[in-house]
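Observations on the model geometry
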Amino acid sequence: MPVLSSCLGFPRMGENRELKHLVEGFWKGTISETDLLAGAKNLREKHWRIQQEQGVDFIPSNDFSLYDHILDAAVVFGAVPERYSALSGLDQYFAMARGLQVPGKVDVASLPMSKYFDTNYHYVPVPLSPKTVFKLTSNSKPVQEFNEAKALGIQTRPYIVGPVSFLLLARASKDAPARFNVLDLIDGLVDSYAQLIEELENAGAQWIQLDEPHLVTDLSAVTQSIYTYAYTRLSKALQTSRAGSNVKILVATYFDSLAGAGNADLAFSLPGVSAVHADLVGGTRDMTGSTVSAGSFAAVVAAAKATGKYLSLGVVDGRNVWKADLRAAVALVQDSVRILGTDRVIVSTSCSLLHSPHSLKAEKVGDNVDAELIDWMSFATEKLQEIVTIAKAANHGTECVKDLLEENAASLQRKSVSNRINNPVVQARMQSVQPSMLARKSPYVVRRDVQSRLLNLPKYPTTTIGSFPQTAKLRRLRAQYKKNSISQSEYERLLKEEIASVVKFQENLDIDVLVHGEAERNDMVEYFGEMLDGIGFTKNGWVQSYGSRCVKPPIIYGDVSRPSPMTVAWTAYAQSLTARPMKGMLTGPLTILCWSFVRSDQPRQATAMQIALAVRDEVADLEKAGIKIIQIDEPAIREGLPLRRGKWDEYLKWAVEAFRLASSGVSDGTQIHSHMCYADFEDIMDAIVAMDCDVLSIESAKSDLKLLQAFKERDYPNELGPGVFDIHTQRVTPDAEMKSRVEQMQTCLAWDRIWINPDCGLKTRGWEETEAALKNMVQTAKHFRAAASA
């Protein structure tokens, strides 16, 4: 058997975000369920055909999802919480993801949302308890989609999240006993997996892909034993289910190296597993100039040799946009072939291409084509060609792909000598950073008194997180401006009208600290990326963030600097319209870093500090313009945390320093806010305290106030605004529900340090539901003010 090429997963949104438009049309009632499902089926076929035409040997199925693949698994195995039991089909599925509110009929909140490892993809953690009983659904999604591809003449390798990782990604439900461990449910879940795999084999599947990304993390001895136990049970179930199963199982690991902590040996020793996928790129993100991890390569090749199993090599980065070094990758694969033989080596991307944009095709047409930047990049479709090229070279020699290898090498060379990469002015400024620039002038207790006198805010002050609804009218306006269909003066006039309307809207609701609404911004990171030197952007480089929400990450290719103010004019104009405090709204350096595609020729720390200096300049200019409250959002600080705990201290040190460099160049009277959301912050509380922002707002309602206890146990010293309503749902949270949340907050926090705000920005919501929710929020704050004054 020759070296084979493999794709672990393909972007599901479509070349032009077709899935987004289908799903959102269904939610709005403009697209029927029949049309939604037909459109989704058409997309799956397109994606399979793309992979087939590129010559990929292992093409995945069941990697497609209408919302989230982890939520899909919960539905497939019957792990649906009781509160959704009255619903069925897509109503039930989307209610779990987004909540559902039909007056007089149904009112259920959504499940929480969390970051998928260290990516900006958000998955839906499913609550489990001792009462959870797994039961495979009939004609399940994996079987349907395998048969769908089979009918097209395409043999696929069905993807399923592995049983241990599924449980580790879930959460204990609120009513579960304190000593309950989700891994206690492994027996019933594995039995359901065995049933599903048997059904897939009966349908003709020859390989099954089980994703177990937790194998690259630090595992306790108990969890390691659960892995062995689970796969032993699965193997026995498959061998006794009929005359013995012949299906081969690939266990896929990614986002970091299998080396260390014995994880390579563990992965390759799992019973019943035929192949292991190892990400050789994930462990090199802070190794300047490295494309693969030599240590990880040696460990996995040795483990594969010792166990006789197939080795899938993740040599093309599935999470970044830079071209692979094909010659280096070919040499690595050839080395593995010399040790293992061609029949035991598979060439693949490092992880699923879910985290990559669809194709470079749209970047090469129209106006403002950045040919130089395009020359450096490779999106999902192009990465398929890279893995096929590497496999061909390993099988038939480099001569058969000589032209492709030479062009790849020339492209890498052109990038290495480009004068766009290094900026001597930025490098000199980096050298001038002093420790004194990383701290505020006075400690928080002093600043709090100064700010209290200057701002004169009421008890339980209300605010929002930044954005207000981004209507189709606003999106059209920005598109017209980009196409030069309207003049700059007309564009600015219309934006000022929108800002004035948003300011008046907030005043009418009696919100205490206002925002300008961010009408001019396409995205909280992309907007800044477009205004900073050293950062490029794409026309159609969309990546799924959650559900139907897509982002277009900036491309950080060189040294970063701020040529001119980015937000000052809009914020100052908004402040001129009101006597109430207006927040300046900025995205922090860690979030810009983590939500961008980042250069690989210098450590991420250096890039973060460059961005921090740019943000610091913007903060200073906002203060000079009379803005007394400035919010620097850092929702991605936890996301940037390495998967291995041994690397945490180093990362958190420079992450905190980057935030403090950005935020500390102001007077005591300027109140610095930050915002964090959709991650587990309990294990980085010391770093959050060290950031020393005056006010921190956090997502709280969607996660059912899960984080409050951590802030209580750490005795968080500054002011805190836990969200009182979920913004990822059309459901309007009743004021009684908000009041209940504030009552719980008061058991964990001092009442005089509580702010009242939503979970996150309101960009994705409609105006009607936004107004209703904010009215309830303001009434909740006034209720507690009255009680505090009584």
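To keep things clear, this report deals only with the structure shown in the data block. (Residues numbered from 1 in each chain as written. Predicted model: local features only at pLDDT ≥ 70, side-chain atom pairs only at ≥ 80, totals over all residues. Heavy atoms only, no water.)

This part covers the overall build of the chain. Of regular secondary structure, the chain possesses 27 helices and 24 strands. Computed over C-alpha atoms, the radius of gyration of the chain comes to 26 Å, within 12% of the 28 Å expected from 2.2 N^0.38 for 790 residues, which places it in the range of a compact globule. With the principal axes as the frame, the chain shows a C-alpha extent of 75 × 60 × 50 Å. Per-residue burial for the chain yields a buried fraction of 61% across its 790 residues. Contacts in the chain between residues at least 24 apart in sequence constitute 80% of all its contacts with a sequence separation of at least 6. As displayed, the chain has an accessible area near 29400 Å², and 51% of this comes from carbon and sulfur atoms. (Helix = DSSP H or I, 4+ residues; strand = E, 2+ residues; numbered from the N terminus. Rg over C-alpha atoms; globule rule 2.2 N^0.38 Å. Buried < 20%, exposed > 50% of the residue type's maximum accessible area, 1.4 Å probe, protein only. Contact = heavy atoms within 4.5 Å. Areas by Shrake-Rupley, 256 points an atom, 1.4 Å probe, with all protein chains shown as cover.)

Another aspect to go through is helix 11 (residues 326-340). Across its 15 residues, helix 11 extends 21 Å between first and last C-alpha, which sits within 8% of the 21 Å expected from 1.5 Å per residue. Among all positions in helix 11, only L326, A329, V330, L332, V333, S336, V337 and L340 are buried. The buried side chains of helix 11 occupy one side of the element, clustering within an arc of 160 degrees when seen end-on. Backbone geometry just downstream of helix 11 places G341 in the positive-phi region, at approximately 95 degrees. (Expected span 1.5 Å × (residues − 1). Arc of directions from axis to C-beta.)

This part is about the pattern of salt bridges. Summed over the entire model, instances satisfying the criterion amount to 48 salt bridges. We note a salt bridge from R420 to E372, for which the minimum N-O separation is 3.2 Å. One end of the pair, R420, is in the loop between helix 14 (402-416) and helix 15 (424-431); the other, E372, is in helix 12 (residues 371-376), and 48 residues separate them in sequence. With a relative accessible area of 32%, E372 lands in the partly exposed category. For R580, the salt bridge goes to D510, with nearest N and O atoms at 3.0 Å. Taken together, the residues R580 in the loop between helix 20 (568-576) and strand 19 (583-587) and D510 in the loop between helix 18 (488-509) and helix 19 (526-529) connect sequence positions 70 residues apart. The partly exposed category is assigned to R580, whose relative accessible area is 24%. Among the charged side chains, a salt-bridge network with shared partners connects R44, D72, K141, E145 and E148. (Salt bridge = Lys/Arg side-chain N within 4 Å of Asp/Glu carboxyl O.)

Attention shifts here to the side chain of E386. Mapped onto the elements, E386 comes out in helix 13 (residues 380-396). Although E386 lies buried, it forms no salt bridge, and the closest oppositely charged side chain, K383, sits 4.8 Å away as judged by the N-O distance. Look past the residues within four positions of E386 in its chain and what remains in contact with it is V316, K323, A324, L326 and S378. (Lys, Arg positive; Asp, Glu negative; His and termini not counted.)

Pairing is mixed in the open sheet, where three strands are placed in the order 15-18-20. Of all the strands in the sheet, the pair left with one neighbour each is strand 15 (533-536) and strand 20 (597-598). Here two bridges tie strand 18 (residues 555-561) to strand 20, and the two strands are oriented parallel to one another. For I556, the partnering residue across the bridge sits in strand 20 and is V598. Helix 22 (residues 604-624) contacts strand 18 and strand 20 of the sheet and is inclined by roughly 55 degrees relative to strand 18. (Pairing = 2+ DSSP bridges. Axes fitted to C-alpha atoms, helices over the stretch in contact; angles between N-to-C directions.)

What the five strands build is an open sheet, ordered 19-21-22-23-24; its pairing is parallel. Whereas interior strands pair on both sides, the edge strands pair on one side only; in this sheet they are strand 19 and strand 24 (719-722). Averaged over all neighbouring strand pairs, the angle between strand axes comes to 20 degrees, with direction disregarded. Examined bridge by bridge, strand 21 (residues 629-633) and strand 22 (residues 671-676) share three bridges and lie parallel to one another. Bridge pairing links Q631 to H673 in strand 22.

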